[in-house]
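# Summary of structural features
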Amino acid sequence: MHTVLFDMFRVIARHQSPQSKEHLVAVADLASPAFWEAYWQLRRPYDRGDVTGPQYWDAVARRLGTSFSDERIADLIQADLAGWSAVDASMVDLVEELADAGRDIALLSNIPEEPAAYYEDRHPWLDRFSVLGFSCRIGHAKPEAGAYQWCGRALGREPGQILFVDDRAENIAAARSLGMRGHLFTSLARLRTALTLWEPVPATTAEGPRSW
């Protein structure tokens, strides 16, 4: 047995659209370049579940020398959520296809709690994954080694039995450093080819199994 471990955003789900980004900046009512710098610099603790949504947006405001009311923060959470809510139907079809064919598939995503709950409520295809590694719930965010190690233990797989699919080179490199196989996602067609060609490393080798 082996597992295809998927990233979600920019693989199965889409990245923020220009329109959704403009809307978020408008809700914040802040200058765009400075806003996005703070947004991304402070994102990792939010993804990892170290802070809540309100705490994250309060930190963004303080970084930019301002403050947000509770009402503004609620609006920012909803606007941010809307920007990450679109999915790629063709990739969802692939998930369903692999599951129907008996392939073991899992998910490892850097995702805060609000969008994680949103996807669980609205997307039943998440049930096709044997493991859901949401960063906000496992306490680790890619490319931290702990994120991949958590998935490996949850799956009961050795690293060489896992093919990790992600759109970011640094995340693929981190997975490979732990012994996983990696595929840098650029298109559905190339991913299909990789899935056809991939052969997992045998569970045991002359040196014995590699442990997490």
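### Some points on the side chain of asparagine 171
Structurally, asparagine 171 is set in helix 10 (residues 169-177). Relative accessible area serves as the criterion here: at 4%, asparagine 171 is assigned to the buried category. Side-chain polar atoms of asparagine 171 contact the side chain of aspartate 166, separated by 3.3 Å. Apart from the residues within four sequence positions on either side, asparagine 171 is in contact with Lys142, Pro143, Tyr148, Phe164 and Asp166.

### Points about the confidence of the model for the chain
Within the chain, residue pLDDT values average 94, and 95% of them lie at 70 or more. Here residues 205-209 is a poorly scored stretch, pLDDT under 50, and it has three contacts once near neighbours within four places are set aside; other chains count.

### Overview of the packing of aromatic side chains
A complete count under the given rule lists 16 aromatic pairs for this structure. Taken together, a centroid distance of 4.6 Å and an interplanar angle of 15° make the contact between tyrosine 46 and tyrosine 56 stacked. With tyrosine 46 in helix 3 (residues 43-48) and tyrosine 56 in helix 4 (residues 53-63), the pair connects residues that are ten residues apart, well separated along the chain. Looking at tyrosine 56, the relative accessible area reads 1%, which means it is buried. Within the aromatic cluster, the residues linked to one another by ring pairs are Phe9, Phe35, Trp36, Tyr39, Trp40, Tyr46, Tyr56, Trp57, Trp84, Tyr118 and Tyr119. One cation-aromatic arrangement involves lysine 21 over tryptophan 36; the distance from NZ or CZ to the ring centre is 5.3 Å.

### Observations regarding helix 7 (residues 113-122)
Along helix 7, the positions that sit buried rather than exposed are Pro115, Ala116, Tyr118 and Tyr119. Down the axis of helix 7, the smallest arc covering the buried residues is 160°, so these residues share one side. Against the buried residues of helix 7 lie helix 5 (70-83), strand 3 (131-134) and helix 8 (135-138).

### A short note on the nonpolar core
Among the nonpolar cores identified, the biggest contains 52 residues, and Phe6, Met8, Ile12, Trp57 and Phe129 are the most heavily contacted of them. Here this core gets six residues from one element, more than from any other, and that element is helix 6 (residues 89-100). Residues within four places of tryptophan 57 in sequence aside, it is in contact with Leu24, Phe35, Tyr39, Phe68, Ile73, Leu76, Ile77 and Asp80.

### Here we look at the pairing of strand 5 (residues 181-184)
The sheet contact formed by strand 4 (residues 162-166) and strand 5 spans four bridges and is parallel. Note on strand 5: the bridge partner recorded for leucine 163 is arginine 181. In this view, the connection linking strand 4 to its parallel neighbour strand 5 by way of helix 10 has right-handed handedness.

### What to know about the environment of valine 25
Positionally, valine 25 belongs in helix 1 (residues 18-28). The spacing of valine 25 and aspartate 93 is 68 residues in sequence and 33 Å in space, taken between C-alpha atoms. Sequence-distant contacts of valine 25, that is, excluding residues within four places in its chain, are made with Leu30, Ser32, Phe35 and Trp36.

### What to know about the sheet that holds strand 3
Spatially, the five strands line up as an open sheet ordered 3-2-1-4-5, and their pairing is parallel. The open sheet has two free edges, formed respectively by strand 3 and strand 5, since each of these has just one partner strand. For this sheet the average axis-to-axis angle between neighbouring strands, irrespective of direction, equals 20°. Against the sheet, helix 10 makes contact with strand 4 and strand 5, and its axis sits at roughly 170° relative to strand 5, the strand it touches most.

### Quick notes on the packing of helix 6 against helix 11 (residues 188-197)
The relative placement of two packed helices comes down to the angle between their axes together with the axis-to-axis distance. Two elements in contact, helix 6 and helix 11, have axes whose closest approach is 11 Å; the angle formed by their N-to-C orientations is 20°. By the angle between their directions, the pair helix 6 and helix 11 is classed as roughly parallel. When you trace helix 6 past helix 11, the crossing you get is right-handed. Note on element contacts: helix 11 touches helix 6 through Leu188, Leu191, Arg192 and Leu195, opposite Ser90, Met91, Leu94, Glu97 and Leu98.

### Some details on the pattern of salt bridges
A complete count under the given rule lists 17 salt bridges for this structure. Residue aspartate 167 pairs with arginine 10 through a salt bridge whose shortest N-O separation is 3.0 Å. You can see aspartate 167 sitting in the loop between strand 4 and helix 10 and its partner arginine 10 sitting in the loop between strand 1 (3-6) and helix 1, a full 157 residues away along the chain. Take arginine 10: its relative accessible area is 35%, and that puts it in the partly exposed class.

Conventions adopted
- Residues numbered from 1 in each chain as written.
- Predicted model: local features only at pLDDT ≥ 70, side-chain atom pairs only at ≥ 80, totals over all residues.
- Heavy atoms only, no water.
- Helix = DSSP H or I, 4+ residues; strand = E, 2+ residues; numbered from the N terminus.
- Buried < 20%, exposed > 50% of the residue type's maximum accessible area, 1.4 Å probe, protein only.
- Polar contact = N/O pair within 3.5 Å; in protein donor to acceptor, adjacent residues only side chain to side chain.
- Contact = heavy atoms within 4.5 Å.
- pLDDT = per-residue confidence, 0-100.
- Phe/Tyr/Trp six-rings, centres within 6.5 Å; stacked < 30°, edge-to-face > 60°.
- Lys NZ or Arg CZ within 6 Å of the ring centre and 35° of its normal.
- Arc of directions from axis to C-beta.
- Core = buried A, V, L, I, M, F, W, Y, C linked by side-chain atoms within 4.5 Å.
- Pairing = 2+ DSSP bridges.
- Right-handed = clockwise from strand over helix to strand, strands pointing away.
- Axes fitted to C-alpha atoms, helices over the stretch in contact; angles between N-to-C directions.
- Parallel < 35°, antiparallel > 145°, perpendicular 65-115°, else oblique.
- Left-handed = near helix turned anticlockwise from the far one by under 90°.
- Salt bridge = Lys/Arg side-chain N within 4 Å of Asp/Glu carboxyl O.

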